[in-house]
Amino acid sequence: MVMDVISMGLVVMGLVFFAAGSVGMLRFPDVYTRLHALTKADNLGLGLVAAGVALQAGSLPQVFKLILIWALVLAGGAAGCHLVAQRARRRESHRA
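Report on the accompanying structure.

### Observations concerning helix H1 (residues 2–27)
Next up, step 1: Taking 1.5 Å of rise per residue, the 26 residues of H1 would be expected to cover 38 Å, and the 37 Å separating its terminal C-alpha atoms lies within 8% of that figure.
Next up, step 2: The inward-facing, buried residues of H1 contact helix H2 (31–56).

### Details of helix H3 (residues 60–95)
Next up, step 1: The end-to-end C-alpha separation of H3 is 53 Å, in line with the 52 Å expected for 36 residues at 1.5 Å each.
Next up, step 2: Its buried side turned inward, H3 meets H2.

### Quick notes on a positive patch on the surface
Next up, step 1: Judged by side-chain charge, Arg87, Arg90, Arg91 and Arg95 come together as a positively charged surface patch.
Next up, step 2: Checked against the element boundaries, Arg95 lands in helix H3.
Next up, step 3: Here Arg95 falls in the exposed class, since its relative accessible area comes to 67%.

Thresholds, definitions, all that
Numbering of residues starts from 1 in every chain and runs along the sequence as written. Whole-chain, interface and lining totals are the exception, using all residues; otherwise, since this is a predicted model, local features are given only for residues with pLDDT of at least 70 and side-chain atom pairs are given and counted only at 80 or more. Each side-chain value is derived from all of the structure's non-hydrogen atoms; neither hydrogens nor water enter the calculation. Runs of E in the DSSP output that reach at least two residues are strands. Runs of H or I that reach at least four are helices, and both are numbered from the N terminus. By definition here, a helix of n residues has an expected span of 1.5 Å times n minus one. In this analysis, two residues are considered to be in contact whenever any of their non-hydrogen atoms come within 4.5 Å of each other. Each patch is built from residues lacking any salt bridge and having more than 30% relative accessible area; the joining distance is 9 Å for like charges and 5 Å for nonpolar side chains (Val, Leu, Ile, Met, Phe, Trp, Tyr). Each accessible area is a Shrake-Rupley estimate made with a 1.4 Å probe; only the visible protein chains count as cover when residues are assessed. In the sections that follow, a salt bridge refers to a side-chain nitrogen of Lys or Arg positioned within 4 Å of a carboxyl oxygen of Asp or Glu. For the charge count, each Lys or Arg is scored as positive and each Asp or Glu as negative, with His and the chain ends excluded. By convention, the charge on Lys lies at NZ, on Arg at CZ, on Asp at CG and on Glu at CD. A 1.4 Å probe rolled over the protein chains alone gives each residue an accessible area, and that area as a share of the maximum for its type sets the label: buried under 20%, exposed over 50%, partly exposed in between.

Quick look at the structure:
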């Protein structure tokens, strides 16, 4: 019962961070602040959701799979964010 409440709390907090990142992406003025808001909030949100689901996992291999998924999304998000920011910077330098 207590583990269920903690798990649900982690998942809800993760969803709040996902929502905050999405709002930041829509509201911030430039590409760099949008990327920052989106990647930071989504990475933390996914980590909290993965932690909440890991508490409900039936076995240790399932927990390791969740950690692996989170690590791969962290790496992919960082690489994608870097590529988008690099492209935006190149585009700005060509306009000047």
